[in-house]
Amino acid sequence: MAYTSNREGEEQILSRLADLQRRCLRQDRPCYLGFLDDFQQRVCRNALAKAPLFFRFYGGCEEAERVFLGLSPREDEGLEDRDFPIRCVEAVFRRQDKPGHRDFLGAVLGLELRREAVGDIFLEEGLARILLTGPAADVVLGQLTQVGRVGVVCREPLSWSGGERRFTEITGSISSLRLDCVTAFLAGLSRADALALVSGGQVAIDGQTVQSPSRTVEQREKISIRGTGKFIYDRQVGISKKGKLRVQFRRYS
């Protein structure tokens, strides 16, 4: 199945953003929209380039995948970490059980919550931290007792200073930053197989499907490869003796 970021989706998020801007200006106070995925973030960021408002994206930790957008008429009001309407629910389970991210996401959405109500999910041994909107947190606290075949007990921590996004660093050499070259490197594929993956709509940059193999990957862009994972391009660290680019990526854990 290909990634999709169609015109209808763009128009929908722009409409919601316009409503948020009007409310922020009319009420003269900070307002928030979220959780937003990569594509929605990019659309909002472009639309706000010349807006007469201050804004910030935050998802409960730096480098969060899904974030809230905060708008404020004043730079020093409503845009600190603590101001964003994000709550954390901890789900405790037996250490010998190994539920995954998809298991938790499926269980939470199975409570009839919308995807936009759920932020990032952080997993460690015996514990999952789930970032949620306020109403969604109440639902999860009251109803989530099972994740797949694993029993869980949910609680809300008395204090929470933000999660920590974990990455795996990937370095290596590639001939160019063309999308097909980058895809081949990250997915461990031949150039021909990577080309087919890109052309088939299985690769996205910042949440938007890109089917042009010659598209150059820019610094800080996020590359999602169906069946492989999601990565951030950090930087070029040098040139190899054979004239290839030495690059550094991070993979979302």
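Keep in mind it's a predicted model, so treat the numbers as computed, not measured.

Caption draft 1: Layout of the packing of aromatic side chains. This model, assessed by the stated rule, comprises eight aromatic pairs. A centroid spacing of 6.0 Å and a plane angle of 50° characterise the contact between Phe-185 and Phe-249, whose relative ring orientation is tilted. With a gap of 64 residues between them, Phe-185 in helix H5 (residues 179-187) and Phe-249 in strand E15 (residues 245-252) connect regions that are remote in the sequence. Among the residues examined, Phe-185 registers a relative accessible area of 23% and is labelled partly exposed. The aromatic ring of Tyr-252 is capped on one face by Lys-230, whose charged end is 5.0 Å from the ring centroid. Against the face of Phe-167 rests Arg-250, its NZ or CZ located 4.4 Å from the ring centre.

Caption draft 2: Here's a closer look at the pairing of strand E4 (residues 87-92). By the bridge criterion, six bridges tie E4 to strand E6 (residues 127-132) in an arrangement that is antiparallel. Paired with Arg-87 across the strands is Leu-132, a residue of E6. As paired strands, E4 and strand E9 (residues 153-155) are joined by three bridges and run antiparallel to one another. By the bridge assignment for E9, Ala-91 is matched with Cys-154.

Caption draft 3: The arrangement of the layout of surface pockets in detail. Roughly 450 Å³ of internal volume is contained in the second largest pocket. The set of elements that each furnish at least two residues to the lining of the second largest pocket consists of helix H2 (38-47) and strand E2 (54-58). By residue number, the principal contributor to the lining of the second largest pocket is H2, which donates five residues. Class assignment of the residues belonging to the lining of the second largest pocket gives a composition of six nonpolar, four polar and 10 charged.

Caption draft 4: Looking closely at the sheet that holds E6. A sheet is described by the order of its strands in space; here four strands give the open sequence E5-E6-E4-E9, paired in antiparallel fashion. A single partner strand is all that each edge strand has here, and the edge strands are strand E5 (118-124) and E9. Across the sheet, the mean angle from the axis of one strand to that of its neighbour is 20°, orientation sign disregarded. Contacts between helix H4 (residues 134-143) and the sheet are confined to E4, E6 and E9, with E4 contributing the most and set at about 20° to the helix.

Definitions and cut-offs
- Residues numbered from 1 in each chain as written.
- Predicted model: local features only at pLDDT ≥ 70, side-chain atom pairs only at ≥ 80, totals over all residues.
- Heavy atoms only, no water.
- Phe/Tyr/Trp six-rings, centres within 6.5 Å; stacked < 30°, edge-to-face > 60°.
- Helix = DSSP H or I, 4+ residues; strand = E, 2+ residues; numbered from the N terminus.
- Buried < 20%, exposed > 50% of the residue type's maximum accessible area, 1.4 Å probe, protein only.
- Lys NZ or Arg CZ within 6 Å of the ring centre and 35° of its normal.
- Pairing = 2+ DSSP bridges.
- 1 Å grid on protein atoms, 1.4 Å probe; cavity = no way out; pocket = protein on both sides within 12 Å on 5 of 7 lines; lining within 4 Å.
- Points joined across faces, edges and corners; volume = space filled by probe spheres on them.
- Nonpolar A, V, L, I, M, F, W, Y, C, P; charged D, E, K, R; others polar.
- Axes fitted to C-alpha atoms, helices over the stretch in contact; angles between N-to-C directions.
- Contact = heavy atoms within 4.5 Å.

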